[in-house]
Structure formats: C-alpha cells, structure tokens
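# Architecture at a glance
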Amino acid sequence: MVTFIFEVSSIYIVLAMNKILASGLMLLIWAGVSAQDATSWKSFRGNQKLQGYSNAEPLIHPILKWRFKTVGNNLAAPAIFNGILVTACGDGNIYGLDLRGQELWRQNIRSAISTPIMIFDQKVYAGALDGSFFAFNLYSGEVLWTYHTEDQIIGAANWWKDDQEKRIVVGSYDHAIHCLDATSGYLKWKFETGSFINGTPAIIDDRLFFGSCDGFFRSLDIRSGKLLEKIKLASYLAASPALSKEHAFVGDYDGQLSCLNFNTSQIVWQYQQPRFPKPFLASPATDDSKIVIANKDGFIFCLDRINGNCLWTFRTGGEVEASVIIIQNKVLTVNMQGAIHLLDLNNGKMLWQYELACALQVTPACIDRHFFVAGSDGEIYCFGTE
C-alpha cells in the first residue's frame, strides 16, 4: 500500500511506503518553490567551493521537531538530497533517514565512519578510520565500491565532472590526495604532500585547493593531478578552505585566517586575533561581502571579505570545532558545550539559542525552514517551524 500526504503550508510532499523497494526507489521526496540548493545540503559546506552558504529560508523561532537515536555515538556531519538525510556513527553504521526522522535503511561497514557525508550523483561517499573509502547507494545503503588509502580519512570528499567523466577527490592521513573514478572507485591519480591531510579539497572549474599539516596551501589540476601552485602559510593547515571568485580563504592552526588570490598566487590579507590567538579548526563560510569563521576558543569572527577588517565577534561560551553556516542573513553555529546559536549576519547579535545535553562537534545540515544537528550522544536533532 502506498500513501501520499500533501502539506502545502510546509511546502513539501511526502511519499511514504511500507518498505524499501528492491529497486531502490526513494521513500520521500522533498520539493519546494526555492532553488534546488535550498532543499538539499549535499556536503558539510554545501557546495564544491565549500562556501558554507545556503539560500534556504531561515528559521525565525526554531523548535525541536524530532530526534532520532542511532545505536552508536560521535555522529558524522549529515548530508541531505532528495528527501534523504544520511549520517553515520562511530560503530560503523551509516543511516538513511527521511525528513520526519524515520529510518529508511542502515548499513554496517565494520569500521568507524570518520568523515562528513558527501552526496553526489545519487551516491553517498564517506571515509573511515581504517583508511577505507566507500560509495553507497543513496536509496538503499548498498555498498557500491570500496577504495583503500594507507591511513585514516578525516576530511569529507568532493566531486568534479565534465561531459565525459565524474571524479571524487579525498585526502588522507597517508599524506596524499586521492582522485577516483566516481562510478568504479578506480584510482585516477594520487598526489603526495609532506604531512597529514585533515580537510576537504575545494573545487572550482578544473582546479582543486587544499591545505596540509605541512603548512602548505596547494592547487592541483584535477584532470592530471599536476601541482599548479604551493604557498607556505603556517605550521599546520587542518581546516578546509572556502573559494569565492578568484579568492581562497583558509584558517590555520596558528590562529590566522588568510585570503589568497589564486590567479596571482598573492596573499591579499591575513587576520589574526590581537591577543592569544587560538587555532582555526573549523572552515570559513562566505557570502558576497563577509567571511565568518569560528576558532577553537569559542569565538565567531565576521570579517570584511575585501580587506579582512573584523566587523564583529561573538563568544559562544564553549570550544567550537564545527564550521559555521551562513543562511541568507543569519549565521548558525554549534559548540562543544551543546549550545546552538542563530546570529544576525550584519551585526553578530544573538537571535536565538538552544542547549542540548551533549557535545556538538560536527557541522549541521540546512534546508528550507529546517536544520539538522548531529550530537556526540548519537542522536540527530531536527529543528523546524511550528
């Protein structure tokens, strides 16, 4: 039996079935009047450029709509596409949920998923602490292929395609960026650096950009893996960069945020806290005029994108490891004390806050009038409207 539920006021359509069909037909379709990027969040930074920006309709007074308990803890940053939210936990289970918090499928890979989830071309991609990298079917959770690096994988994958092929790139603690065929998982090329790679490569056109714990920021040709440029910035570059127009923004372990012009290979500006700078482990978010980033000490910084001047700061009250998200004119942030804050992007004033009884270590996922938070307690929390 198939039941259709239409809710025009919430701008979504739910297709519910009694069980998952063997063909992998999706169980729930989320469709809205906004653009597609407002109804999906396919990676922990939202897009290939890792901008951490969403066109989703922001919430004014969010309420907790539902929570889903996994069998493990230390959840991966979730991703959303076609009405399916995917997350994973430290016991090796990866989950597909509908947007009402009902489990659609579960797959156990017997290794702890350690990366944010990435969705591309109806497939789910994630890496594990044992160095394995997996592709799953979005609608059934079936493992499609497995690739093995030589050490643990911490950062999310990213994707690239042209008219002829589709590729996945991912960094590993084996010091290398691995470029794989998205369909088969076969290695296309591998580029080795001088140390661990924690973050996710950002992609624009045919170029990818990433930092390494050897302190260098690099650009590669995504077709060949050839090094295009290399700039020494700091002792460690653990965070993922964000790209906008001709600029790359990257925070480092020394507590400095750098703006680079990747067409000229020049440093445009650098910002550092005046006193006792703390590491930037989180990735920056950017819109057309501002950069927002959190540091380890629990401060949120908003900078002018052109000159790096600090426009405002906000203290969250706890350490921050998760990256912030800009949702139109608002900023969403979480911290290790379990606090969730919505801030005004223009002035940094707190608009709303909520406390959970668990550490919040990973970046939330955001779609129209909803956001989803993964807790260290193994629960997914959905916030929405009344």
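Note that the coordinates shown come from a computational prediction; the quantities given were computed from them, not determined experimentally. (Residues numbered from 1 in each chain as written. Predicted model: local features only at pLDDT ≥ 70, side-chain atom pairs only at ≥ 80, totals over all residues. Heavy atoms only, no water.)

## Remarks on the side chain of Gln51
Under the convention used in this document: The numbering of helices and of strands both runs from the N terminus, where a helix is a DSSP run of H or I of at least 4 residues and a strand a run of E of at least 2. By the criterion applied in these results, polar contacts are pairs of N or O atoms within 3.5 Å in which, for protein atoms, one can donate a hydrogen and the other can accept it, and in which residues neighboring in sequence qualify only through two side-chain atoms. Residues count as neighbours in contact if any of their non-hydrogen atoms are within 4.5 Å of one another.
You can see Gln51 is positioned in the loop between strand E2 (12–17) and strand E3 (53–54). Reaching out from Gln51, the side chain makes a polar contact with the backbone oxygen of Leu243 at a distance of 2.8 Å. Non-local contacts of Gln51, meaning those with residues more than four positions away in its chain, are made with Arg45, Ala242, Leu243, Ser244, Pro284, Ala285 and Thr286.

## Here's the deal with the packing of aromatic side chains
The line we're drawing: Any pair of Phe, Tyr and Trp rings, taking the six-membered ring for Trp, is counted once the centres come within 6.5 Å. Such a pair is stacked with planes under 30 degrees apart, edge-to-face with planes over 60 apart, and tilted for the rest. Exposure is judged per residue with a 1.4 Å probe applied to protein chains only, and the accessible area is read against the type maximum: over 50% gives exposed, under 20% gives buried, and values in between give partly exposed. Think of it as a cone above the ring: NZ of Lys or CZ of Arg counts as a charge over the ring if it is within 6 Å of the ring centre and within 35 degrees of the ring normal.
What the rule picks out here adds up to 20 aromatic pairs. On the numbers, 6.0 Å between centres and 45° between planes, the contact of Phe133 with Trp145 is tilted. With a gap of 12 residues between them, Phe133 in strand E11 (residues 132–137) and Trp145 in strand E12 (residues 143–148) connect regions that are remote in the sequence. As far as burial versus exposure is concerned, Phe133 and Trp145 are alike and both buried. Through successive ring pairs, a cluster of aromatic residues spans Tyr271, Phe280, Phe299 and Phe301. A cation over an aromatic ring shows up here: Arg45 above the ring of Phe44, its NZ or CZ 5.7 Å from the ring centre. When the ring centre of Phe216 is taken as origin, the NZ or CZ atom of Lys230, which lies over that ring, is 4.6 Å away.

## Describing the layout of surface pockets
Keep this limit in mind: Grid spacing is 1 Å over the protein atoms alone, the probe is 1.4 Å, and a cavity is where that probe fits but cannot get out, while a pocket is an open set with protein on both sides within 12 Å along at least five of seven lines and lining residues have an atom within 4 Å of a point. Grid points are joined across faces, edges and corners, and a volume is the space filled by probe spheres set on the points. Only Asp, Glu, Lys and Arg are considered charged, only Ala, Val, Leu, Ile, Met, Phe, Trp, Tyr, Cys and Pro nonpolar, and every remaining residue, Gly among them, polar.
By volume, the largest pocket is sized at about 810 Å³. Surrounding the largest pocket, 36 residues form its lining, Ser114, Ile154, Glu321, Gln361 and Val362 being those nearest its centre. Classifying every residue of the lining of the largest pocket gives 19 nonpolar, 16 polar and one charged.

## Considering the pattern of salt bridges
For the record, the criterion: Put simply, a salt bridge is a Lys or Arg side-chain nitrogen that is within 4 Å of an Asp or Glu carboxyl oxygen.
One pass over the structure, following the stated rule, counts 13 salt bridges. A salt bridge links Arg67 to Glu379, with the nearest nitrogen and oxygen atoms 2.9 Å apart. Placement of Arg67 in strand E4 (residues 63–69) and of Glu379 in strand E35 (residues 379–384) is noted, with a sequence separation of 312 residues between them. Between Glu165 and Lys188 there is a salt bridge, with its nearest N and O atoms 3.5 Å apart. You can see Glu165 sitting in the loop between strand E13 (158–161) and strand E14 (166–171) and its partner Lys188 sitting in strand E16 (residues 187–192), a full 23 residues away along the chain. Ionic contacts of the salt-bridge type, sharing partners, join the residues Asp121, Lys123 and Lys166 into one network.

## Things to note about the sheet that holds strand E21 (residues 242–244)
So the rule is basically this: What makes two strands pair is DSSP finding at least two bridges between them. Fitted lines through C-alpha atoms serve as axes, helices being fitted only where they are in contact, and the angles separating the N-to-C directions of these axes extend from 0 to 180 degrees.
The strand order across the open sheet formed by four strands is E21-E22-E23-E24, and the pairing between neighbours is antiparallel. At either margin of the open sheet sits one strand with a lone partner, and together these are E21 and strand E24 (266–272). With strand direction ignored, the average angle separating the axes of adjacent strands in the sheet is 20°. For strand E22 (residues 247–251) and strand E23 (residues 256–261), the ladder comprises five bridges, and the chain directions are antiparallel.

## What to know about empty space enclosed by the protein
Taken as a whole, this structure holds one cavity of 30 Å³ or more when the rule is applied. Of the voids in this model, the largest cavity is the one considered here, and its volume is about 50 Å³. In terms of lining residues, the largest cavity is bounded by Glu57, Pro58, Leu59, Ile327, Lys330, Leu342, Cys366, Ile367, Arg369, His370 and Phe371. Mapped by element, the contributors of at least two residues to the lining of the largest cavity are strand E33 (365–367) and strand E34 (370–374). When its residues are assigned to classes, the lining of the largest cavity shows seven nonpolar, one polar and three charged.

## Description of the sheet that holds E34
As summarised here, the arrangement of the four strands in space is E4-E35-E34-E33, forming an open sheet in which the pairing is antiparallel. Each edge of the open sheet is held by one strand with a lone partner, namely E4 and E33. Ignoring which end each strand starts from, the neighbouring axes of this sheet average 20° apart. Summarising the sheet, E34 and E35 pair through four bridges and their orientation is antiparallel. Across the sheet, the residue bridging to Phe371 is Phe383, located in E35.

## Considering the confidence of the model for the chain
For clarity, the cut-off: One confidence number per residue, pLDDT, is output by the predictor and ranges from 0 to 100.
Residues with a pLDDT of 70 or more make up 90% of the chain, whose mean pLDDT is 89. Note on residues 1–36: pLDDT under 50 across the span, and 61 contacts to partners over four residues away in sequence or across chains.

## Quick notes on the pairing of E34
Most of E34 is tucked away: five of the five residues are buried. The alternating pattern of E34 places His370, Phe372 and Ala374 on one face and Phe371 and Val373 on the opposite face, and all of these are buried. Judged from the three bridges that link them, E33 and E34 form a sheet pairing that is antiparallel. Among the inter-strand pairings, Ile367 is bridged to a residue of E34, identified as His370. Linking two consecutive strands that pair antiparallel, namely E33 and E34, is a turn of two residues; a positive phi of about 60° is found at Arg369 within it. Between E34 and E35, which pair antiparallel in sequence order, lie four residues; one of them, Gly378, sits at a positive phi of approximately 85°.

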